[in-house]
Amino acid sequence: MNRSSFKPVTHVIFDLDGTLLDTERIHKKTFTKIAKDYGKEFPDDLRIQILGKQEMDVAILIIDRLQLNLTPEELLQLARTEEEKELRNVQLMHGVRDLLEYFCRHKIPMAVATSSSEKSYHLKTGHLKNIFSVFHHVVTGSSDPEVKHGKPAPDIFNICASRFPGNPANNKFLVFEDSPNGVTAAVAACMQVVMVPDPMLPKEMTDNATHVLESMEDFCPEMFSLPPRGSSCSCSS
């Protein structure tokens, strides 16, 4: 996309898993193990399909595809038991800390819109409370009663936007996402979206994003009429 086609923004919304936190490799390992325990394989195309979706939707998709003799609740409990220790110590994705510091420094309002439940969110971020205190609010799609439909529906982004003071217009938001489902949801909410995709994602699955980066470190705020970040980013486009 031509740089001149980017529109000015005033607010930012971040996805959580795979965008702020390095959780997707943990989820992949977990579902691969569970599938193997039931004599199945967890294929890459299924992994792509579940990226960004609410927890119950993920469980239903995996069970249907792999024909597992489990209820969605049982699968989610197995996953929680398997992941709990690792998620309590999960690390930030590369470049996230510096980018959050930039937005704080320039007083750009930020929020999180995650398909995780509130319980899962606190498990993943409990050891990073200082960092996550910078967000004005968090919408947890799997447990928020206002989020009727998960990504790729736009509900979570519409609701997240509505919880900022001053009723900012959706077209003033910039979303950071890693999944095709999340990108679709943000675009449906009439928001611009910067995608930092998993390297295994086929390139054609990034086409709907406003801008695609290899790392948060590469983000150039000037493209969206925000204050300059400094010399650490390259603004070629």
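These remarks concern the structure in this document. (Residues numbered from 1 in each chain as written. Predicted model: local features only at pLDDT ≥ 70, side-chain atom pairs only at ≥ 80, totals over all residues. Heavy atoms only, no water.)

### Some remarks on the overall build of the protein
On a plain count of helices and strands, the protein comes out with nine helices and six strands. Relative to the globule expectation of 18 Å for 237 residues, the C-alpha radius of gyration of the protein, 17 Å, shows essentially globular dimensions. Dimensions of the protein, computed from the C-alpha atoms along their principal axes, are close to 50 × 35 × 30 Å. Within the protein, the proportion of its 237 residues that are buried is 52%. The contacts in the protein between residues at least 6 apart in sequence include a share of 64% that link residues at least 24 apart. Accessible area of the protein: about 11,400 Å², with a carbon and sulfur share of 51%. (Helix = DSSP H or I, 4+ residues; strand = E, 2+ residues; numbered from the N terminus. Rg over C-alpha atoms; globule rule 2.2 N^0.38 Å. Buried < 20%, exposed > 50% of the residue type's maximum accessible area, 1.4 Å probe, protein only. Contact = heavy atoms within 4.5 Å. Areas by Shrake-Rupley, 256 points an atom, 1.4 Å probe, with all protein chains shown as cover.)

### Notes on a negative patch on the surface
Judged by side-chain charge, D98, E101, E214, E217 and D218 come together as a negatively charged surface patch. Mapped onto the fold, E101 is located in helix α5 (residues 96-105). (Patch = residues over 30% accessible without salt bridge, like charges linked within 9 Å, V, L, I, M, F, W, Y side chains within 5 Å. Salt bridge = Lys/Arg side-chain N within 4 Å of Asp/Glu carboxyl O. Lys, Arg positive; Asp, Glu negative; His and termini not counted. Charge placed at Lys NZ, Arg CZ, Asp CG, Glu CD.)

### Looking at the nonpolar core
Soluble globular proteins tend to bury their nonpolar side chains together. Counting residues in hydrophobic clusters, the biggest one holds 35 residues, and the most contacted among them are F14, L20, F103, F132, F176 and F219. With five residues, the top contributor of residues to this core is α5. When near neighbours in sequence (up to four residues on either side) are disregarded, F132 contacts L16, L20, L21, L92, Y121 and T125. The next biggest cluster of nonpolar side chains, apart from the first, holds 24 residues, and it includes L51, A113, I156 and V183. (Core = buried A, V, L, I, M, F, W, Y, C linked by side-chain atoms within 4.5 Å.)

### Points about helix α6 (residues 118-125)
Every buried residue of α6 is listed here: S120, Y121, K124 and T125. Taken around the axis of α6, the buried residues stretch over an arc of 115 degrees, which confines them to a single face. Taken together, the buried residues of α6 touch α1 (24-37), α3 (55-66), α4 (72-87), β2 (110-114), α7 (129-132) and β3 (137-140). (Arc of directions from axis to C-beta.)

### A look at the state of the cysteines
Here the structure, examined in full by the defined rule, presents zero disulfides. For the unlinked cysteine C104, the closest cysteine sulfur is that of C160, found at 15 Å. (Disulfide = S-S within 2.5 Å.)

### Looking at the packing of aromatic side chains
Scanning all chains against the criterion turns up 13 aromatic pairs. Pairing F14 with F103 gives two aromatic rings, centres 6.1 Å apart and planes at 70 degrees, and the pair type is edge-to-face. In this pair, F14 is assigned in strand β1 (residues 11-14) and F103 in helix α5, connecting sequence segments 89 residues apart. Each member of the pair, F14 together with F103, is buried. An angle of 45 degrees between the planes, with centres 5.6 Å apart, marks the rings of F132 and F135 as tilted. On the basis of relative accessible area, F135 is assigned to the buried category, the value being 8%. Aromatic rings pair up to connect F6, F14, Y102, F103, Y121, F132, F135, F176, F219 and F224 into one cluster. (Phe/Tyr/Trp six-rings, centres within 6.5 Å; stacked < 30°, edge-to-face > 60°.)

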